[in-house]
Amino acid sequence: MVRVIMGAKGSGKTKQLIDMINYAAENESGNVVCVETGKKLVYDVSPNVRLVESSDFAADNFTFLKGFISGMYASNYDLTHIFIDSLCKIIPSEPDSPEVEEFLQWLDRFSEMNEVKFTITISADIALATEAMKAYF
C-alpha cells in the first residue's frame with residue numbers, strides 16, 4: 001500500500017504525518033521508519049520510530065532512493081511501514097514529473113512484494129497531481 005499526502009505548505013501535512021507515524025508505532029507489529037530532511041520530527045514522533053536523516057546519505061536521485069529503501073528492507077525484514085516526508089525535497093524534483101510517478105509505481109510494486117506500507121508527503125498544490133498520482137491519495 002502506498003499513500004500520498006499532498007498539499008501546499010501550511011496545509012497540515014506534517015501534523016497528519018506525525019499522527020500516522022505515532023499510530024503506526026503503537027499499533028503495527030513490526031518496525032516503523034521515517035525518512036526526512038532535517039531533524040524536524042525528532043521531538044514529535046515516538047522513540048520507537050527509526051528516524052533517518054536523508055542528507056546523511058547524499059540521496060540525490062530516485063535510483064539511489066530505491067536502492068536505499070531496498071537496503072533498509074534487506075537489513076530488516078521486520079519493517080512494516082516506511083514514511084517519507086517531503087519526497088520532492090529529499091530528491092529535488094517537480095511533483096508532477098514522470099520520475100515521481102515512476103517512483104510511486106515502483107514503491108507500489110515493492111509494497112506488494114514485501115508487505116511494507118509507504119506513506120509519502122509531497123509539498124505542492126494538489127492541483128499539480130497527475131492522474132497516476134491521484135491513485136495513491
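A brief structural summary. What you see is a predicted model; the values in this text were computed from it and never measured. (Residues numbered from 1 in each chain as written. Predicted model: local features only at pLDDT ≥ 70, side-chain atom pairs only at ≥ 80, totals over all residues. Heavy atoms only, no water.)

**Some remarks on the overall build of the chain**
Stage number 1. In terms of regular secondary structure, the chain is built from five helices and five strands.
Stage number 2. Along the longest, intermediate and shortest principal axes, the C-alpha atoms of the chain span 35 × 30 × 30 Å.
Stage number 3. When each of the 137 residues of the chain is scored for burial, the buried share is 50%.
Stage number 4. Within the chain, contacts between residues separated by at least 24 positions form 69% of all contacts whose residues are at least 6 apart in sequence.
Stage number 5. Of the accessible surface of the chain, which amounts to about 7,100 Å², a share of 51% is contributed by carbon and sulfur atoms.
Stage number 6. Placing the 12 positive and 20 negative side-chain charges of the chain at their respective mean positions leaves the two points 4 Å apart. (Helix = DSSP H or I, 4+ residues; strand = E, 2+ residues; numbered from the N terminus. Buried < 20%, exposed > 50% of the residue type's maximum accessible area, 1.4 Å probe, protein only. Contact = heavy atoms within 4.5 Å. Areas by Shrake-Rupley, 256 points an atom, 1.4 Å probe, with all protein chains shown as cover. Lys, Arg positive; Asp, Glu negative; His and termini not counted. Charge placed at Lys NZ, Arg CZ, Asp CG, Glu CD.)

**Some remarks on the packing of aromatic side chains**
Stage number 1. Tallying each qualifying case throughout the model produces eight aromatic pairs.
Stage number 2. When the ring of Tyr73 is compared with that of Phe110, the centres are 5.7 Å apart and the planes differ by 85 degrees; the resulting orientation is edge-to-face. Highlighted residues: Tyr73 in helix H2 (residues 62–75) and Phe110 in helix H4 (residues 98–114), separated in sequence by 37 residues.
Stage number 3. With relative accessibility at 13%, the residue Tyr73 sits in the buried group.
Stage number 4. The rings of Phe62, Tyr73, Tyr77, Phe103, Trp106, Phe110 and Phe118 are connected pair by pair, giving a single aromatic cluster. (Phe/Tyr/Trp six-rings, centres within 6.5 Å; stacked < 30°, edge-to-face > 60°.)

**Brief notes about the environment of Leu107**
Stage number 1. One can find Leu107 in helix H4.
Stage number 2. When the C-alpha positions of Leu107 and Ser55 are compared, they lie 21 Å apart, and in sequence the two are 52 residues distant.

**Regarding helix H1 (residues 13–27)**
Stage number 1. Compared with an ideal rise of 1.5 Å per residue, which puts 15 residues at 21 Å, H1 spans 21 Å between its outermost C-alpha atoms and is within 8% of the ideal.
Stage number 2. Those residues of H1 lying buried are Lys13, Leu17, Ile18, Ile21, Ala24 and Ala25. For H1, the arc enclosing every buried residue in end-on projection is 130 degrees, short of the 170-degree limit, so these residues lie on one face. Among the exposed residues of H1, those pointing more than 90 degrees away from its buried face are Lys15, Tyr23 and Glu26.
Stage number 3. Considering only its buried residues, H1 is in contact with strand S1 (2–7), strand S2 (31–36), strand S4 (79–84) and strand S5 (117–123). (Expected span 1.5 Å × (residues − 1). Arc of directions from axis to C-beta.)

**As for the sheet that holds S1**
Stage number 1. The strand order S1-S5-S4-S2-S3 describes an open sheet built from five strands, whose pairing is parallel. Two strands lie at the open edges of the sheet, namely S1 and strand S3 (50–53), each paired on one side alone. With strand direction ignored, the average angle separating the axes of adjacent strands in the sheet is 15 degrees.
Stage number 2. Each of S2, S3, S4 and S5 touches H2; the most contacted strand, S4, lies at about 150 degrees to it.
Stage number 3. Lying on the sheet, H4 is in contact with S1, S4 and S5; it crosses S5 at an angle near 165 degrees. (Pairing = 2+ DSSP bridges. Axes fitted to C-alpha atoms, helices over the stretch in contact; angles between N-to-C directions.)

**Quick notes on the packing of H2 against H4**
Stage number 1. One way to put it is that H2 packs onto H4 with a least axis distance of 11 Å and a crossing angle of 15 degrees. Taken together, the axis directions place H2 and H4 in an arrangement best described as roughly parallel. Judged by the sense of rotation from one axis to the other, the crossing of H2 with H4 is right-handed. Along the contact surface, H2 presents Phe62, Leu65, Lys66, Ile69, Ser70 and Tyr73, while H4 presents Glu99, Val100, Glu102, Phe103, Trp106, Leu107, Phe110 and Asn114.
Stage number 2. Grouping the constituent residues of the contact of H2 with H4 by class yields nine nonpolar, two polar and three charged. (Parallel < 35°, antiparallel > 145°, perpendicular 65-115°, else oblique. Left-handed = near helix turned anticlockwise from the far one by under 90°. Nonpolar A, V, L, I, M, F, W, Y, C, P; charged D, E, K, R; others polar.)

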